[in-house]
Amino acid sequence: ARVSSWRLSEAFLALPSEIVAALPGIAPIPALAAGLEGSLAEKADRDPAIVTFLATASGVTVLGIGSAFWGRVAGFGALAARAVLRPTPKIDWSEA
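Another aspect to go through is the environment of L8. In this fold, L8 is placed in helix α1 (residues 5–14). Here L8 falls in the partly exposed class, since its relative accessible area comes to 47%. Taking the C-alpha atoms as reference, L8 lies 51 Å from A80; in sequence the two are 72 residues apart.

Once that is clear, we can look at the packing of helix α4 (residues 46–57) against helix α5 (residues 67–85). At a minimum axis distance of 7 Å, the contact between α4 and α5 shows a crossing angle of 160 degrees. Judged by the angle between their axes, α4 and α5 are roughly antiparallel. Along this stretch, α4 crosses α5, giving a crossing that reads as right-handed. Of the residues in α5, those in contact with P48, V51, T52, A55 and T56 of α4 are S67, A68, W70, G71, A74, G75, A78, L79 and R82.

On the surface, a nonpolar cluster with roughly 660 Å² of combined accessible area is contributed by L8, F12, L15, I19, V20, L23, I26 and I29. Looking at which element gives the most residues to the nonpolar patch, the answer is helix α2 (residues 17–26), with four residues. Tracing the backbone shows L15 in the loop between α1 and α2. A relative accessible area of 35% places L15 in the partly exposed class.

This structure, assessed with the given rule, holds one aromatic pair. Measuring from centroid to centroid gives 4.8 Å for F69 and W70, while their planes differ by 75 degrees, and the two rings are edge-to-face. Residue classification places F69 among the partly exposed residues on the basis of a relative accessible area of 41%. In this structure W70 comes out as partly exposed when scored by relative accessible area, which is 23%.

This part is about the side chain of S67. Following the sequence through the fold, S67 ends up in helix α5. Of the polar contacts made by the side chain of S67, one reaches the backbone oxygen of T56; its length is 2.9 Å. For S67, the contacting residues outside a window of four places in its chain are A55, T56, S58, G59 and V60.

What counts and what doesn't
Residues numbered from 1 in each chain as written. Predicted model: local features only at pLDDT ≥ 70, side-chain atom pairs only at ≥ 80, totals over all residues. Heavy atoms only, no water. Helix = DSSP H or I, 4+ residues; strand = E, 2+ residues; numbered from the N terminus. Buried < 20%, exposed > 50% of the residue type's maximum accessible area, 1.4 Å probe, protein only. Axes fitted to C-alpha atoms, helices over the stretch in contact; angles between N-to-C directions. Parallel < 35°, antiparallel > 145°, perpendicular 65-115°, else oblique. Left-handed = near helix turned anticlockwise from the far one by under 90°. Contact = heavy atoms within 4.5 Å. Patch = residues over 30% accessible without salt bridge, like charges linked within 9 Å, V, L, I, M, F, W, Y side chains within 5 Å. Areas by Shrake-Rupley, 256 points an atom, 1.4 Å probe, with all protein chains shown as cover. Salt bridge = Lys/Arg side-chain N within 4 Å of Asp/Glu carboxyl O. Phe/Tyr/Trp six-rings, centres within 6.5 Å; stacked < 30°, edge-to-face > 60°. Polar contact = N/O pair within 3.5 Å; in protein donor to acceptor, adjacent residues only side chain to side chain.

Shape descriptors only; they carry no functional weight alone.
Quick look at the structure:
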């Protein structure tokens, strides 16, 4: 059965305005959850991924530059810090 556009419009107009306003906020949740799941799947990359997400979600603006840029800067900084602070594996030369 085909639903005409005016009936769909009437259905939305019958809903409370709070529900209609919440729908666009609810719609991207599955995509956000899938993105977070993918970025947090690799255990070694969890901390930089979380830092990137939190910095981006903060909404901070510095020097007129938005949080999307600063999230990437924070994420790359976390990756660099992990690379510098990661303990180097010890080589047992007696077995070589």
